[in-house]
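Take a look at the letters that make up each chain.
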Amino acid sequence: MSAAVIDGKAFAATLRARIADFAATFEQSAGRKAGLAVVLVGEDPASQVYVASKAKQTVECGMASFEHRLPAETGQAELIALVDQLNADPAVDGILVQLPLPAHLDEQAVVERISPDKDVDGLTPISTGRLALGLPGLVPCTPLGSLMLLKDQLGSLSGLNAVVIGRSILVGKPMAQLLLAESCTVTIAHSRTKDLADVVRRADIVVAAVGRPEMVKGDWIKPGATVIDVGINRLPPAEGAAKGRLVGDVDYAEAAQVAGAITPVPGGVGPMTIAVLLRNALVAAHRNAGVALAEGAL
Ligand code: GUN
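Residues numbered from 1 in each chain as written. Predicted model: local features only at pLDDT ≥ 70, side-chain atom pairs only at ≥ 80, totals over all residues. Heavy atoms only, no water.

Chemist: Run through the confidence of the model for the protein, naming residues and quoting values.
Modeler: The share of residues in the protein with pLDDT of 70 or more is 100%, and the mean pLDDT across the chain is 97. Looking over the protein, one finds the lowest element-wise mean pLDDT in strand S9 (residues 233-234), namely 94, and the highest in strand S7 (residues 205-208), namely 99. (pLDDT = per-residue confidence, 0-100. Helix = DSSP H or I, 4+ residues; strand = E, 2+ residues; numbered from the N terminus.)

Chemist: An account of the packing of helix H6 (residues 141-154) against helix H7 (residues 172-181) is needed here, citing residue identities and associated values.
Modeler: Closest axis-to-axis distance for the H6/H7 pair is 9 Å, and the angle between their directions is 40 degrees. H6 and H7 meet at a crossing whose hand is right-handed. Only Pro174, Met175, Leu178 and Leu179 of H7 make contact with H6, whose side of the interface consists of Pro143, Leu144, Ser146, Leu147 and Leu150. Residues of the contact of H6 with H7, tallied by class, amount to eight nonpolar, one polar and no charged. (Axes fitted to C-alpha atoms, helices over the stretch in contact; angles between N-to-C directions. Left-handed = near helix turned anticlockwise from the far one by under 90°. Contact = heavy atoms within 4.5 Å. Nonpolar A, V, L, I, M, F, W, Y, C, P; charged D, E, K, R; others polar.)

Chemist: Now, about the site of the ligand: what can you tell me, with residues and values included?
Modeler: If you check the shell around the ligand, you find Leu96, Val97, Gln98, Leu99, Asp121 and Leu170 and nothing else. Measuring from a nitrogen atom of the ligand, one finds a side-chain N or O atom of Asp121 at 2.4 Å. In the complex, the protein chains occlude 81% of the 280 Å² of accessible area that the ligand would expose alone. Looking at side-chain class alone, the shell around the ligand contains four nonpolar, one polar and one charged residues. (Near = heavy atom within 4 Å. Polar contact = N/O pair within 3.5 Å; in protein donor to acceptor, adjacent residues only side chain to side chain. Areas by Shrake-Rupley, 256 points an atom, 1.4 Å probe, with all protein chains shown as cover.)

Chemist: Report on the pattern of salt bridges, specifying residues and quantitative values.
Modeler: Under the counting rule described, the total for this entry stands at ten salt bridges. Put simply, Arg201 and Asp198 hold a salt bridge, and the shortest N to O gap is 2.5 Å. Taken together, the residues Arg201 and Asp198, both in helix H8 (residues 196-201) and three residues apart, mark about one turn of the helix. On the basis of relative accessible area, Arg201 is assigned to the partly exposed category, the value being 34%. Its relative accessible area of 40% is what places Asp198 among the partly exposed residues. The shortest N-O distance in the salt bridge between Glu214 and Arg245 comes to 3.8 Å. Remark: Arg245 occurs in the loop between S9 and strand S10 (246-247) and Glu214 occurs in the loop between S7 and strand S8 (226-229); sequence separation between them is 31 residues. (Salt bridge = Lys/Arg side-chain N within 4 Å of Asp/Glu carboxyl O. Buried < 20%, exposed > 50% of the residue type's maximum accessible area, 1.4 Å probe, protein only.)

Here's what the structure looks like:
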């Protein structure tokens, strides 16, 4: 048997087209574009690529993009002052501070400073609390994108056994909350979990978000299970090659023989993250401007 391939790239393109339609309608109603601000501190090459990609897709969807690139030696007070300025700016509906920040900065204090109304990353204690309480709010982009792919693939998730591998604030914890809200029976596994392979073998849904290349093997997967691979890891370059291959946290070749459906890396979860970020910014824009948006429209 060979698994269905979940095409996140195509799903994200469809979502962006819908966002562009709603962004145009928003601009007519509000008399301004929805706006997303992205803050990058330092010169981390991967972060620079993400931030450029975010800005490009924001503009392509008909929204305003505000980019703030600060030097690596930026101080805490200066960064907090920028967040305050963006919180107060009526043209800015969403604020994303690219993580990780340089080590001398207090990441938690910076995130907590973001207005919950503009928290498109869903990382403030208010957003996190609302998710845990089952209240509407802004949800972290990668887990929400993963959930969209799962619901598109499976329809109702009610009663399914879901195992989330990884307990990060950005992915594992919010993913577990979202699956719980869909009435899954949720297990959060992590680096200390005993008999991890056996735990994963019980899962109808596996979400792998640990950042370890090809850790989840084919014989860990229950036949027919749906596998969402959040990992993006670059292997060391092969002899003579400039760059190593990109792989996920799942051994794709093995798992695809057993799973019912699986996301590839690249082209699975990855493209969903920015699309959902734009979605979150547009949802925030409607709320901030007092423009109605039908529940579940985006
Ligand atoms: N760095 C890697 N992924 C993310 C993300 O989703 N949000 C932020 N703010 N930083 C990141």
